[in-house]
Structure formats: structure tokens, C-alpha cells
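# Analysis of the macromolecular model
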Amino acid sequence: MVVNAKEMIQKANRGHYAVAQININNLEWTKAALLTAQELNSPVILGVSGGAGKYMTGFSTVAAMVRAMDDSLGITVPVALHLDHGGYEESLACVKAGFSSIMFDGSHFAFEENMAKTAELVKLAHENGMTIEAEVGSIGGEEDGVVGMGEVASPEECKKIADLGVDFLAAGIGNIHGVYPANWKGLDFATLERIHEITGGIPLVLHGGTGIPAEMIQKAISLGVSKINVNTECQLSFAAATRKYIEDGKDKQGKGFDPRKLLAPGFEAIKVTVREKLELFGSAGKA
Ligand code: 13P
């Protein structure tokens, strides 16, 4: 059931667990995320970056695929279709394309401009029955060409953006897209706590969910994180399973080259990763 993310995130916020945003790249990713959420009776958010949207030939293609697949698989758990790290134009395009939620990432603008554009998009999203996420500070590393320096968010700026009526807020707290380096200092919980207090408990979003240790995840959830994004980890498990299939020579046995066979181990591997995340974040059984 494709819906906006309001109710699922508010329920998670009240119930002290987090909803996973699983980024999707193609049909296999979408099907794996939808089926696993249904199997675990969990809400889920399907994240689509600008790059992934382009790869799938446009946001309208993505919306049509997700809505049709949700229907044909008989998915009854709440599913939000969410733009990830959208620019201004991408946000407008996703409103038109039939997404149910957007993230406007204005963190690379001067703060006043981030405020102005976020305010405009909050109004537009809500007029269209959609939820909206905004960002303060930046997530380190690179995701689909969006590069962040990893600045820790200012709690005062978080409050100003939260007061614009965004539904959930991504705040940089030392989190990084991709695999964490060995010398990573961990999440900045003092800042997270301050943001949680000063914003009056707006649901917070933790980007860079790949490879964050379970105890940090639990602590972040206890300090108001209600949505956690995972992208790289599904890519790594898909790649490892596909590599194994080929290295074992399975593509050369019988009709092992058939794409439905070739992509099957990767698909199953994504399902395992999604299952682990839904269980770790506590959303299993909460649909
Ligand atoms: P990872 O790629 O580190 O899992 O981060 C995903 C993310 O934050 C998407 O916005």
C-alpha cells in the first residue's frame, strides 16, 4: 500500500523504533524490499536518489513500477516512495511523478536559501498529501554524485528548519554515506541529544545506515531517530552474491546465464540484508 510516510514515522517515533529507508536501483531491489517488508509485517520507505531515478529512465517510470508492483504483489504493509537527497527541480519532478514523499537536501546552499526553498517545498508537498524531509549539516562521503563534507548540524539551525513544518529532519552528526573508514569517530550523540531537545522531538533521520554498529543504532533511536537510510549495504550483498555465482561457474551450467537465474542470488542477498535491518531497527511486526 503506497502511502506517505507521516503515520509510519510518527508511530515509530512514539514506539521508539525506526523505519528503514531502503534505496532502490531496479526491479530486483524494489521487489526484494517490498517482499521482505511484507514478510516481516513492517513498514518500509523506498528511497530513490536522483542518480537512481535517471538510471531507471525517470521518476515517472519509478513511480509507475513501484505502484504497479505494490499492487501486483498484494503488499498490504505501508510503503512510502521517497526521493533521496533531492535538489529543488528533482523535488518538483517527484511531486509530479506520483511519489508519496520527498527529501529536499538544501544543505549545500547558504542557510537562508535552504530555509526559503525548504519552506516553499513543505507547502507544495503538503498540498499534494506528501511528506517532506529536509537536511541541516551534511552527510559525509558521496552518494550518487551528491558529495557532503560531513559537517555536524547546528541545533539552532535544525530548530529553524523543523519549525517550517517538515515531517522529519536529517541532521549531520558525523554519519557518512558508504562504508565507514577504520578511523571513524562514531556518531556525535551530544549534538543528536541537543537537536532532539531543541526541536521538541521532531522525528530525526539517520543517513549512512550501512555499517553503523547495533549499539549506536539503539542509542540513536533512543535520542529521536525514527528513520534510518540504507543503500551501500544492499549493493555490497548483491555484488558479493553475484560474484560468487559467477566465480562458481554457475552461469556456464545449463541455462545459468538466464538473467532470472543470474540475478537470483543477488536478489536473495538483498532480502537477507533488508530483513536484518528491519529487525535491527525494530520495525518488524509494526505495520
Ligand atoms: P549508506 O549508503 O551508507 O547506507 O547510506 C544510505 C543513505 O544515507 C541514503 O540517503
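Heads up: the structure comes first, above all this text.
Below is a summary of the structure that appears in this document. Remember, it's a predicted structure, so these values are computed and weren't measured experimentally.

Here is what the cut-offs are and how they apply
Every chain is numbered on its own, with residues counted from 1 as its sequence reads. Reporting in this predicted model follows two pLDDT cut-offs: at least 70 for local features of residues, and 80 or more for side-chain atom pairs to be given and counted; totals over whole chains, interfaces and linings ignore these cut-offs and use all residues. Heavy atoms from the whole structure form the basis of all side-chain values; hydrogens and water molecules are not counted. Strands here mean DSSP runs of E at least two residues long; helices mean DSSP runs of H or I at least four residues long; both are numbered from the N terminus. The globule rule is 2.2 Å times the number of residues to the power 0.38, and the radius of gyration it is compared with is taken over C-alpha atoms. Three exposure classes are used, based on accessible area relative to the maximum for each residue type with a 1.4 Å probe and protein chains only: buried under 20%, partly exposed in between, and exposed over 50%. Should any heavy atoms of two residues lie within 4.5 Å, those residues are counted as being in contact. Here the accessible surface of atoms and residues is derived via Shrake-Rupley with a 1.4 Å probe, and residues count as covered only by protein chains that are part of the display. This count recognises Lys and Arg as positive and Asp and Glu as negative, with His and chain-terminal groups excluded. Throughout, a charge is located at the NZ atom of Lys, the CZ atom of Arg, the CG atom of Asp or the CD atom of Glu. Geometry is summarised by axes, namely lines fitted to C-alpha atoms with helices restricted to the contacting stretch, and by angles between N-to-C directions that run from 0 to 180 degrees. Angles below 35 degrees are treated as roughly parallel, those above 145 as roughly antiparallel, those between 65 and 115 as roughly perpendicular, and all remaining angles as oblique. Handedness of a crossing follows from how the near helix is turned relative to the far one, being left-handed for an anticlockwise turn of less than a right angle and right-handed for a clockwise one. Ten residue types, Ala, Val, Leu, Ile, Met, Phe, Trp, Tyr, Cys and Pro, are classed as nonpolar, four, Asp, Glu, Lys and Arg, as charged, and the remainder, Gly among them, as polar. For this analysis, a nonpolar core means a set of buried residues of the types Ala, Val, Leu, Ile, Met, Phe, Trp, Tyr and Cys, connected via side-chain atoms within 4.5 Å. Any residue with a non-hydrogen atom lying within 4 Å of a molecule or strand is treated as near it. Side-chain atoms alone can form a polar contact between residues adjacent in sequence; in general such a contact is a pair of N or O atoms within 3.5 Å, and within protein one must be able to donate a hydrogen while the other accepts it. Note on definitions: the grid is 1 Å and covers protein atoms alone; a cavity is a set of points where a 1.4 Å probe fits but cannot get out; a pocket is an open set with protein on both sides within 12 Å along at least five of seven lines; lining residues have an atom within 4 Å of a point. By definition, a pocket or cavity contains a molecule when more than half of the molecule's atoms lie within 2 Å of the pocket's grid points. One side-chain nitrogen of Lys or Arg within 4 Å of one carboxyl oxygen of Asp or Glu is enough to make a salt bridge. Grid points are joined across faces, edges and corners, and a volume is the space filled by probe spheres set on the points.

## Focus on the overall build of the protein
Scanning the protein from terminus to terminus reveals 12 helices and 10 strands. Its C-alpha atoms give the protein a radius of gyration of 18 Å, within 12% of the compact-globule value 19 Å for 287 residues. Across its three principal axes, the protein shows a C-alpha extent of roughly 60 × 40 × 35 Å. The burial tally for the protein puts 54% of its 287 residues in the buried class. Pairs at least 24 apart in sequence give 71% of the contacts found in the protein among residues at least 6 apart. Of the roughly 12,100 Å² that the protein leaves accessible, carbon and sulfur atoms contribute 56%. On the protein, the mean spot of the 26 positive side-chain charges and the mean spot of the 35 negative ones are 6 Å from each other.

## Quick notes on the packing of helix H2 (residues 27–39) against helix H4 (residues 59–72)
The N-to-C vectors of H2 and H4 enclose an angle of 40 degrees; their axes lie 11 Å apart at closest approach. Taken as axis vectors, H2 and H4 run oblique relative to one another. For the crossing formed where H2 meets H4, the hand is right-handed. Contacts from Leu27, Thr30, Lys31 and Leu34 of H2 reach H4 at Met65, Val66, Met69 and Asp70. The residue inventory of the contact of H2 with H4, partitioned by class, reads five nonpolar, one polar and two charged.

## Observations concerning the nonpolar core
Residues Leu46, Val48, Phe99 and Leu206 are the most contacted members of the largest nonpolar core, which totals 74 residues. Once residues lying within four places of it in the same chain are set aside, the contact partners of Leu206 are Ile173, Asn175, Leu187, Ile212, Ile217, Ala220, Val225, Lys227, Ile228 and Asn229. Counting 12 residues, the second largest nonpolar core, distinct from the first, contains Ile9, Ala12, Tyr17 and Ile45.

## Some remarks on the site of the ligand
Near the ligand lie 15 residues; those nearest to it are Asp84, Gly178, Gly208, Thr210 and Thr232. Between the ligand and Gly178 there is a distance of 2.8 Å, counted from an oxygen atom to a backbone nitrogen or oxygen. Between Gly208 and the ligand, the recorded distance is 2.7 Å, taken from a backbone N or O atom to an oxygen atom. In the complex, the protein chains occlude 100% of the 310 Å² of accessible area that the ligand would expose alone. Put simply, the ligand lies in the largest cavity.

## Topic: the side chain of Asp105
Looking at the secondary structure, you find Asp105 in the loop between strand S4 (101–104) and helix H6 (111–127). As a buried residue without a salt bridge, Asp105 has its nearest oppositely charged side chain in Lys227, at a separation of 11 Å. For Asp105, the side chain forms a polar contact with the side chain of His85, separated by 2.8 Å. Aside from chain neighbours lying at most four places away, what touches Asp105 is His85, Gly86, Glu135 and Val146.

## With respect to empty space enclosed by the protein
For the structure on display, the rule yields one cavity of 30 Å³ or more. Looking at the largest cavity, its volume works out to about 90 Å³. Within the residue set of the lining of the largest cavity, elements represented by two or more residues are strand S6 (141–143) and strand S10 (225–230). Split into classes, the residues belonging to the lining of the largest cavity amount to one nonpolar, 11 polar and three charged.

## Brief notes about the environment of Ala153
With respect to the secondary-structure elements, Ala153 resides in the loop between strand S7 (146–148) and helix H7 (155–162). A relative accessible area of 4% places Ala153 in the buried class. Put simply, Ala153 and Glu113 are 40 residues apart on the chain and 16 Å apart in space, counted from C-alpha to C-alpha. Beyond its immediate sequence surroundings of up to four residues, Ala153 is in contact with Val136, Gly137, Cys158, Ala171, Gly172, Thr191 and Ile195.

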